[in-house]
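# Examining the three-dimensional arrangement
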Amino acid sequence: MVFSSDQWAVVLGGSSGFGLATAQRLGEQGMSLCIVHRDRRAAMKAIEPEFEKIRSNGTKLVTFNADALDADKRNEVLDQLAPELGGGKVRVLLHSVAFGNLKLLVPDTLRPRTATSKLASKLGIDESKLQGALDEIFEEGDPQAQAMAEAPVYSDKHFLDEDDFLRTIHAMGTSLLGWVQQIHSRGLFQSDARVFGLTSEGNEVAWKGYAAVSAAKVSLESLSRSIALEFAPHGIRSNIIQAGVTETPALAAIPGSNHIKAGARLRNPFGRLTTPQDVAKVIALLSTDDASWINGELIRVDGGEHISGVTS
């Protein structure tokens, strides 16, 4: 085993996506787990079997269906977690909370699209039938049909306001701070501990409907650098993982996510999307003793997607 059972990972947002994949990976490698998630009762029918799979491998797993963003709930979780540690300590804290407002700033303005009508005219076929066929091919997952597929549709009634930004920045960014401070003040961190947050290419590239989340990700990155600096004397390292475009419930909620995925497949040197398991493996790697000198970094896990200029 890479880790011992007295080393714990606290995963915020661990019932799906990156959080669940990371919990599974760390559990397989011997670490004990505390997963904090917030899910409705109906969703638990699919989530509980995933938790049981982790336990079936002999991994100690404690779960809390609670709001990780609420300070009182956070304290309750840590109060209950402390005796569960059994003398162990928190080696890893992963912030994988995906709760943000995905709205435009202003009504969308579509650029004129003429390629489909020109192609239909050249071929002497009905434009609507051609468009329908192209959209069907795109929906089936062929990224090369993206340029001629129907553009994403956005709400023309609801737009971001300042409160949306505040809530999203707290949820997906600055809420990490309270967890780090509280685990530290209670003496629950291991002498060599790792803090991780998750960001995306939306920290630099503007995607429609992503403005509030983008602001949150940049805030998270800045916070992580400060944690890396100020908590270093206490043995805490902090790094941000920038995953490539990944098929997760959070991505599916983004307007136009199919177009984002298509663009990623075309650019990625390996021709595929990043998976939660790709990211989980890197987080596990960075949690080992050998990675102790990596601190305050933003680490891209995308197979070269970010640096690729290829679009075909």
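So, here's what we can say about the structure. (Residues numbered from 1 in each chain as written. Predicted model: local features only at pLDDT ≥ 70, side-chain atom pairs only at ≥ 80, totals over all residues. Heavy atoms only, no water.)

### A closer look at the sheet that holds strand β2 (residues 32-37)
- Ordered by their spatial adjacency, seven strands build an open sheet running β3-β2-β1-β4-β5-β6-β7, and the pairing between neighbours is parallel. The sheet is open, and its two borders are formed by β3 (61-65) and β7 (298-301), each paired with just one other strand. Looking at each pair of strands side by side, their axes are set apart by 20° on average, direction ignored.
- Pairing geometry for strand β1 (residues 7-12) and β2, over five bridges, is parallel. Counted as the bridge partner of Ala9 is Leu33 from β2. (Pairing = 2+ DSSP bridges. Helix = DSSP H or I, 4+ residues; strand = E, 2+ residues; numbered from the N terminus. Axes fitted to C-alpha atoms, helices over the stretch in contact; angles between N-to-C directions.)

### Re helix α3 (residues 71-84)
- Spanning 14 residues, α3 covers 20 Å between terminal C-alpha atoms, matching the ideal 20 Å at 1.5 Å per step.
- Turning to α3, its buried residues are Arg74, Val77, Leu78 and Leu81. Along the axis of α3, the buried positions cluster into a sector of 100°, meaning they face one direction only. Exposed residues lying more than 90 degrees from the buried face of α3 are Asp72 and Pro83.
- In this structure, the buried side of α3 is in contact with β1, β2, β3 and α6 (162-185). (Expected span 1.5 Å × (residues − 1). Buried < 20%, exposed > 50% of the residue type's maximum accessible area, 1.4 Å probe, protein only. Arc of directions from axis to C-beta. Contact = heavy atoms within 4.5 Å.)

### Here's the deal with the layout of surface pockets
- Taken as a whole, the largest pocket spans an internal volume of roughly 1,100 Å³.
- Surrounding the largest pocket, 41 residues form its lining, Ser96, Val97, Ala98, Phe99 and Ala250 being those nearest its centre.
- Elements with a minimum of two residues in the lining of the largest pocket: α1 (17-28), β2, β5 (189-199), α7 (211-230) and α8 (249-252).
- For the lining of the largest pocket, the residue count by class is 22 nonpolar, 13 polar and six charged.
- Taken as a whole, the second largest pocket encloses approximately 450 Å³ of empty space.
- Taken together, 17 residues make up the lining of the second largest pocket; nearest its centre are Ala151, Pro152, Tyr154, Lys208 and His259.
- Grouping the amino acids of the lining of the second largest pocket by side-chain chemistry returns nine nonpolar, four polar and four charged. (1 Å grid on protein atoms, 1.4 Å probe; cavity = no way out; pocket = protein on both sides within 12 Å on 5 of 7 lines; lining within 4 Å. Points joined across faces, edges and corners; volume = space filled by probe spheres on them. Nonpolar A, V, L, I, M, F, W, Y, C, P; charged D, E, K, R; others polar.)

### Overview of the pairing of strand β6 (residues 236-243)
- Of all the eight residues making up β6, eight are buried; the element is thus mostly covered by neighbouring parts of the structure.
- Here β6 shows two buried faces, one formed by Ile236, Ser238, Ile240 and Gln242 and the other by Arg237, Asn239, Ile241 and Ala243.
- Taken together, the seven bridges between β5 and β6 define a ladder with parallel strand orientation. Looking across to β6, one finds that Thr199 is bridged to Gln242.
- Running through α7, the crossover from β5 to the neighbouring parallel element β6 is right-handed.
- Here four bridges tie β6 to β7, and the two strands are oriented parallel to one another. Across the sheet, Gln242 pairs through a bridge with Arg300, a residue of β7. (Right-handed = clockwise from strand over helix to strand, strands pointing away.)

### Brief notes about the packing of helix α4 (residues 115-123) against helix α5 (residues 127-139)
- It is the contact of α4 with α5, at a shortest axis distance of 9 Å, that shows an interaxial angle of 120°. With respect to the hand of their crossing, α4 and α5 are arranged in right-handed fashion. Where α4 abuts α5, its residues Thr116, Ser117, Leu119 and Ala120 lie against Glu127, Leu130, Gln131 and Leu134.
- In terms of residue class, the contact of α4 with α5 is made up of four nonpolar, three polar and one charged. (Left-handed = near helix turned anticlockwise from the far one by under 90°.)

### Quick notes on the pairing of β1
- The buried fraction of β1 amounts to six of the six residues, a majority that puts the element mostly inside the structure.
- On β1, burial covers both faces: Gln7, Ala9 and Val11 on one face and Trp8, Val10 and Leu12 on the other are all buried.
- Where β1 and strand β4 (residues 89-95) come together, six bridges link them in parallel fashion. Across the sheet, Gln7 pairs through a bridge with Lys89, a residue of β4.
- Read as a crossover between parallel neighbours, the route from β1 over α1 to β2 is right-handed.

### A short note on α6
- When the terminal C-alpha atoms of α6 are compared, their 32 Å separation across 24 residues agrees well with the 34 Å that a helix rising 1.5 Å per residue should span.
- At Thr174, α6 shows its largest bend, some 50°.
- Here α6 has its buried residues at Asp164, Thr168, Ala171, Met172, Gly173, Ser175, Leu176, Gly178, Trp179, Val180 and Ile183.
- You can read the cap of α6 off the contacts: a side-chain oxygen lies 3.1 Å from the backbone nitrogen of Asp163, and it is on Asp161.
- Two residues or fewer past α6, Gly187 is found with a positive phi of approximately 70°. (Bend = angle between axes of the 7 residues up to and from the residue. Polar contact = N/O pair within 3.5 Å; in protein donor to acceptor, adjacent residues only side chain to side chain.)

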